Amino acid sequence: MKIGVPAEVDGLESRVAATPETVKKFIALGAEVSVQSGAGVASRVPDAEYAAAGASIAASAADAVRDADIVLKVRRPLADELPLYKRGALIVATMDPYGHEPDVAAMAGAGVTAIAMEFMPRITRAQVMDILSSQANLAGYQAVIDAAAEYDRALPMMMTAAGTVPAARVFVMGAGVAGLQAIATARRLGAVVTATDVRPAAKEQVESLGAKFVAVEDDEFKQAETAAGYAKPMSAEYQAKQAALVSEHIKKQDIVITTALIPGRAAPRLVSAAMVASMKPGSVLVDLAVERGGNVEGAKPGEVAVVDGKKIVGHLNVAGRIAATASQLYAKNLFSFVETLIDKAAKTVAVNWDDELVKATVLTRDGAIVHPAFKPKEEIQEEPKPILVAEQGAS
C-alpha cells in the first residue's frame, strides 16, 4: 500500500496535503509514503521532517506517485498530472468540480477514482473530515487580519492622554463558519461588530459572539433555511428589502467582510458599487467569495482594488495565506477520511463503496463519472440528489 504526496503545481497554492504527523500515522497503518521534494516548503515543512517521520523523499512528482494506491493533494490534478497516476488510484483532494466538468471527465478518462473532499456530508462521524469548515475557519480569521493590515488605523477603542481613539466598525455578511470566525476575531481585536445572514439560526450564533445581528426578519426570513442547515436562495422581494437595510447600515462601517456562497452557483452580489461609494474614504472591504465572481461589485481576483479611496481586497486562496496552519488542519481532515478506506488488519486499501461518506464524495470510478451531480444526463435515471455543501462555510 503506497501513498504519494506530490507538490502542488498551482503557483497560488502554498498548502500541502500531508504533514509529518499524518505521515507517521499512515506508516503506522502499514503504508509506504512518498513525498515529493519541496512539497511542504511553503507550509514550513522541510524535506528532512518528512524523512524523519519515515517518508521517502522523491525527486519528482512522477517518482512520488509512481504505483501509488492513494494520492493526496490539495487541488484537483491538472491534465498533465493525470498520466502520472496508475489506473484505479484514489485521488483525494479538493476537486472544485462545479464549472470544471471537462476536468472531471478527464479524471474519469484517466481511470482514477477522484474523491472530492468538499462533498463530505455534514454528519457527526464526518466532522473531523470536513475540509470546508477547517479551511473556512482560517479564511474568516485571515480576512480580519488582511482587513486590519489595509485599514491603516487601530481597531480597538483606545483611551489615551492624547485623546480617545474610536473603535472600528466591522460588518460581516454571511455568518457561516468563515463569518463566525471573522466576527470572533474582529471582536478579539476590539472592533464593534455587526453581522447579517439569511438563516434564522445565525442570529443566536452572532449574538453569542457579542455582535449585533442585522436582517429583515419577516416570514420569508423565518423559512430561509434547509433541513440540512444551509441557506435557501431568497426571493427578489426579500433581496430588495435586505439590500435597502444593508445599504443604510453599510454607510457607517469601516470594514466589511463578505463570505456568502451557494454551492454550484456564482457568488451572490451583496454589496453594490453604490454601497461602496457611500462608505467613508479609507474603508476596507474583504471579499472571500471573489474566486466565484465576488459578493462585492468592483472586487478583482488576486488584487486589492482601490475605488475612490476605498480598498476592496480580493485575495485568492485566503486559507493558504496562513499555509502552515491550514496544511496542519487539512492534512488531518484527509487522514481521518483515508483511514476509513484502509483495512487495518490486512494493511491494504479496502474501500467500502456503500459507505455513505464514499458515495457522497466519489466523482469518478472505473473510467466513468459516477457522482449524480456530474453524470452525463443520458445516464441519469432515478438517482439520489447530491448532498449540498457550503463553501467557505458561508451562508
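Residues numbered from 1 in each chain as written. Predicted model: local features only at pLDDT ≥ 70, side-chain atom pairs only at ≥ 80, totals over all residues. Heavy atoms only, no water.

Visitor: Help me out: how do you make sense of a nonpolar patch on the surface in this one?
Guide: Together, Y141, I145 and L189 give the surface a local cluster of nonpolar side chains, amounting to about 220 Å² of exposed area. One can find Y141 in helix α5 (residues 131-151). Residue Y141 is classed as partly exposed on the basis of its relative accessible area of 35%. (Patch = residues over 30% accessible without salt bridge, like charges linked within 9 Å, V, L, I, M, F, W, Y side chains within 5 Å. Areas by Shrake-Rupley, 256 points an atom, 1.4 Å probe, with all protein chains shown as cover. Salt bridge = Lys/Arg side-chain N within 4 Å of Asp/Glu carboxyl O. Helix = DSSP H or I, 4+ residues; strand = E, 2+ residues; numbered from the N terminus. Buried < 20%, exposed > 50% of the residue type's maximum accessible area, 1.4 Å probe, protein only.)

Visitor: Sorry, what's going on with the side chain of R76 here?
Guide: Structurally, R76 can be placed in the loop between β4 (70-75) and β5 (90-94). Classification of R76 as buried rests on a relative accessible area of 13%. Within polar-contact distance, the side chain of R76 engages the backbone oxygen of D96 at 3.0 Å. A polar contact of 3.2 Å, which involves the side chain of R76, links it to the side chain of D103. (Polar contact = N/O pair within 3.5 Å; in protein donor to acceptor, adjacent residues only side chain to side chain.)

Visitor: Would you mind going over the nonpolar core with me for this structure?
Guide: Most often, soluble globular proteins keep nonpolar side chains buried together rather than apart. Core analysis: the largest hydrophobic core is formed by 62 residues, its most contacted members being L72, V92 and F337. If near-sequence neighbours (up to four positions away) are discounted, L72 is found in contact with I3, G4, V5, P6, A17, A18, F26, V92, L334 and V338. One finds A182, A186, A191 and A211 within the second-largest nonpolar core, a separate group that totals 36 residues. (Core = buried A, V, L, I, M, F, W, Y, C linked by side-chain atoms within 4.5 Å. Contact = heavy atoms within 4.5 Å.)

Visitor: Honestly, the sheet that holds strand β15 (residues 310-313) in this entry has me stumped. Any pointers?
Guide: Strands sit in the order β11-β10-β9-β12-β13-β15-β14 across an open sheet of 7 strands; the sheet is mixed. The open sheet has two edge strands, β11 (212-213) and β14 (304-307), and neither has a second partner. Bridge count between strand β12 (residues 255-258) and strand β13 (residues 284-287): 4 bridges; the pairing is parallel. In the strand pairing of β13, V256 is matched with L285. (Pairing = 2+ DSSP bridges.)

Visitor: When you look at unusual backbone geometry in this model, what are you seeing that I'm missing?
Guide: The backbone of D152 sits at a positive phi, close to 55°, despite the residue not being glycine. Along the chain, D152 falls in the loop between α5 and β7 (158-160). A relative accessible area of 63% means that D152 is categorised as exposed. Backbone geometry places K347, a non-glycine residue, at a positive phi of 55°. By relative accessible area, which is 42% here, K347 ends up partly exposed.

Visitor: Could you clarify how one ought to interpret the sheet that holds strand β3 (residues 56-58) in this entry?
Guide: Neighbouring strands of a sheet are bound in pairs by backbone hydrogen bonds; such pairs are parallel or else antiparallel. The 6 strands lie next to each other as β3-β2-β1-β4-β5-β6, forming an open sheet whose pairing is parallel. Each edge of the sheet is formed by a strand with only one pairing partner; in this case those strands are β3 and β6 (113-116). The sheet shows a mean angle of 25° between the axes of neighbouring strands, direction not considered. Alignment of strand β1 (residues 2-5) against β4, held across 2 bridges, turns out to be parallel. Residue G4 lies in a different strand from β4, and its bridge partner there is V71. (Axes fitted to C-alpha atoms, helices over the stretch in contact; angles between N-to-C directions.)

Visitor: Is there a simple way to think about the packing of α5 against helix α11 (residues 323-338) in this case?
Guide: A packed helix pair is summarised by two numbers, namely the angle formed by the two axes and the spacing between the axes. It is the contact of α5 with α11, at a shortest axis distance of 9 Å, that shows an interaxial angle of 170°. In terms of axis orientation, α5 runs roughly antiparallel to α11. Every residue of α11 that contacts α5 at I131, S134, Q135 and L138 is listed here: T325, A326, L329, Y330, N333 and L334. Among the residues forming the contact of α5 with α11, the class breakdown is 6 nonpolar, 4 polar and no charged. (Parallel < 35°, antiparallel > 145°, perpendicular 65-115°, else oblique. Nonpolar A, V, L, I, M, F, W, Y, C, P; charged D, E, K, R; others polar.)

Visitor: I would appreciate a short explanation of the pattern of salt bridges in the present structure.
Guide: Two side chains bearing opposite charge may form a pair once their charged atoms approach each other closely. Tallied over the full model, the rule gives 22 salt bridges. For R75, the salt bridge goes to D10, with nearest N and O atoms at 3.6 Å. Of this pair, R75 sits in strand β4 while D10 sits in the loop between β1 and α1 (20-28), and the two are 65 residues apart along the sequence. Judged by its relative accessible area of 24%, R75 is partly exposed. The residue E150 makes a salt bridge to K311 at a minimum N-O spacing of 3.2 Å. You can see E150 sitting in helix α5 and its partner K311 sitting in strand β15, a full 161 residues away along the chain.

Visitor: Please clarify how the pairing of β15 should be interpreted in this entry.
Guide: Regular strands show a simple pattern: their side chains alternate between the two faces of the sheet. Here β13 pairs with β15 via 3 bridges, running parallel. Residue pairing across strands places V284 opposite K311, the latter belonging to β15. Between β14 and β15, which pair antiparallel in sequence order, lie 2 residues; one of them, D308, sits at a positive phi of approximately 50°.

Visitor: Even after reading the chapter, I still don't get the confidence of the model for the chain, so can you show me in this structure?
Guide: A low pLDDT means the predicted coordinates there should not be read in detail. The predicted model of the chain averages 92 in pLDDT, with 93% of residues at 70 or higher. The low-confidence segment residues 386-391, where pLDDT is below 50, has 21 contacts with residues more than four positions distant or belonging to other chains. (pLDDT = per-residue confidence, 0-100.)

Visitor: Looking at this model, I keep getting lost on the pairing of β4. Mind explaining?
Guide: Counting buried positions along β4 gives 5 out of 6 residues, so the element sits mostly inside the fold. Pairing geometry for β4 and β5, over 4 bridges, is parallel. For L72, the partnering residue across the bridge sits in β5 and is V92.

Visitor: What is the right way to read the packing of aromatic side chains from this model?
Guide: Two aromatic rings, taken as a pair, are described by how far apart their centres are and by the angle between their planes. Applying the stated criterion across every chain yields a total of 5 aromatic pairs. Measuring from centroid to centroid gives 5.9 Å for Y98 and F119, while their planes differ by 50°, and the two rings are tilted. Placement of the pair is Y98 in the loop between β5 and α4 (101-109) and F119 in the loop between β6 and α5, with a sequence separation of 21 residues. You'll find Y98 and F119 in the same group, each marked buried. Ring geometry for F213 versus F221: centroids 6.1 Å apart, planes at 50°, classification tilted. Of the residues examined, F213 reaches a relative accessible area of 8% and is grouped as buried. Overall, the relative accessible area of 4% leaves F221 in the buried class. Pairwise contacts between aromatic rings join Y98, F119 and F374 into one cluster. R365 extends its terminal NZ or CZ atom over the ring of W353, reaching a point 3.7 Å from the ring centre. (Phe/Tyr/Trp six-rings, centres within 6.5 Å; stacked < 30°, edge-to-face > 60°. Lys NZ or Arg CZ within 6 Å of the ring centre and 35° of its normal.)

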